[in-house]
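# A look at the structure
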Amino acid sequence: MHTIKDFTPRLYQETILNTATKANTLICLPTGRGKTKTALLIALHRLNNFPHSKILFLTPTKPLAAQIAQEFQENSTIQNVSVFTGETKPEERAQLFQTADVIVSTPQGLSNDIINKRISLGNISCLFVDECQHATGDYDYVWVAKQYQKLSSYPRIVALSASPGSSVEKIQEVCKNLFIEDIE
């Protein structure tokens, strides 16, 4: 059983967790308001409810990937958190994928890993998409989300952003591309 440590969730984080347990959710909170810790609560719920599953957390940059992985390790009992970036060799990513509970990755290399069947999305119980405003056009987030929705045995997508778009149309496109059903 995975649990949190060293922080107490706020009421709004618990409310968002409740929504995300039932539907693919877009979480819009200002920077510094606890989006990653809220994601951690959701990840723990999914890991505990789908034993032997994995969490996949996509983020656009290497520094963000490292920061998210560190936050997951410091604030939970999850032991195996791996970071996948372009600097990690494909063979090494395939090996790390086997043992990781949580994979924090940039989207480009991960797309290649899916295409080349180095990793499987079937056992991923939650896909997090950080800075989800990028999920437009042919950005890798869009393709990975479509593959995940098709291949996961128990799909759940949670999108995170402080600013999901500059217009209603752009936000609707992000929601459509990520199969979002609810917004918090």
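Scroll up to find the structure this text is about.
If you're wondering where the values come from, they're calculated on a predicted model, not measured in any experiment.

Attention shifts here to the pairing of strand β4 (residues 102-105). Residue alternation in β4 divides its side chains into two sets, Val-102 and Val-104 and Ile-103 and Ser-105, and both sets are buried. Here strand β2 (residues 54-58) runs beside β4; their pairing, made up of four bridges, is parallel. Bridged to Leu-58 within β4 is Ser-105. Across four bridges, the pairing between strand β3 (residues 81-84) and β4 is parallel. Residue pairing in the sheet places Val-81 in a bridge with Val-102 of β4. Crossover handedness for the path β3 to helix α4 (residues 90-99) to β4: right-handed.

Below, the discussion takes up the pattern of salt bridges. Following the criterion strictly, the structure yields four salt bridges and no others. Linking Glu-71 and Lys-37 is a salt bridge whose minimum nitrogen-to-oxygen distance equals 3.2 Å. Remark: Lys-37 occurs in helix α2 (residues 35-49) and Glu-71 occurs in helix α3 (residues 62-74); sequence separation between them is 34 residues. What makes Glu-71 buried here is its relative accessible area of 18%.

This part is about unusual backbone geometry. Positive phi values are uncommon outside glycine, yet Lys-117 reaches one of about 60°. Tracing the chain through its elements places Lys-117 in the loop between α5 (107-115) and β5 (124-129).

Turning to α2, a few remarks are in order. Between the first and last C-alpha of α2 there are 21 Å, a value that for 15 residues agrees with the 21 Å anticipated at 1.5 Å per step. Counting buried positions over the 15 residues of α2 gives 11, a clear majority of the element. Within α2, the full set of buried residues consists of Lys-35, Thr-36, Thr-38, Ala-39, Leu-40, Leu-41, Ile-42, Ala-43, Leu-44, Arg-46 and Leu-47.

What counts as what
- Residues numbered from 1 in each chain as written.
- Predicted model: local features only at pLDDT ≥ 70, side-chain atom pairs only at ≥ 80, totals over all residues.
- Heavy atoms only, no water.
- Buried < 20%, exposed > 50% of the residue type's maximum accessible area, 1.4 Å probe, protein only.
- Helix = DSSP H or I, 4+ residues; strand = E, 2+ residues; numbered from the N terminus.
- Pairing = 2+ DSSP bridges.
- Right-handed = clockwise from strand over helix to strand, strands pointing away.
- Salt bridge = Lys/Arg side-chain N within 4 Å of Asp/Glu carboxyl O.
- Expected span 1.5 Å × (residues − 1).

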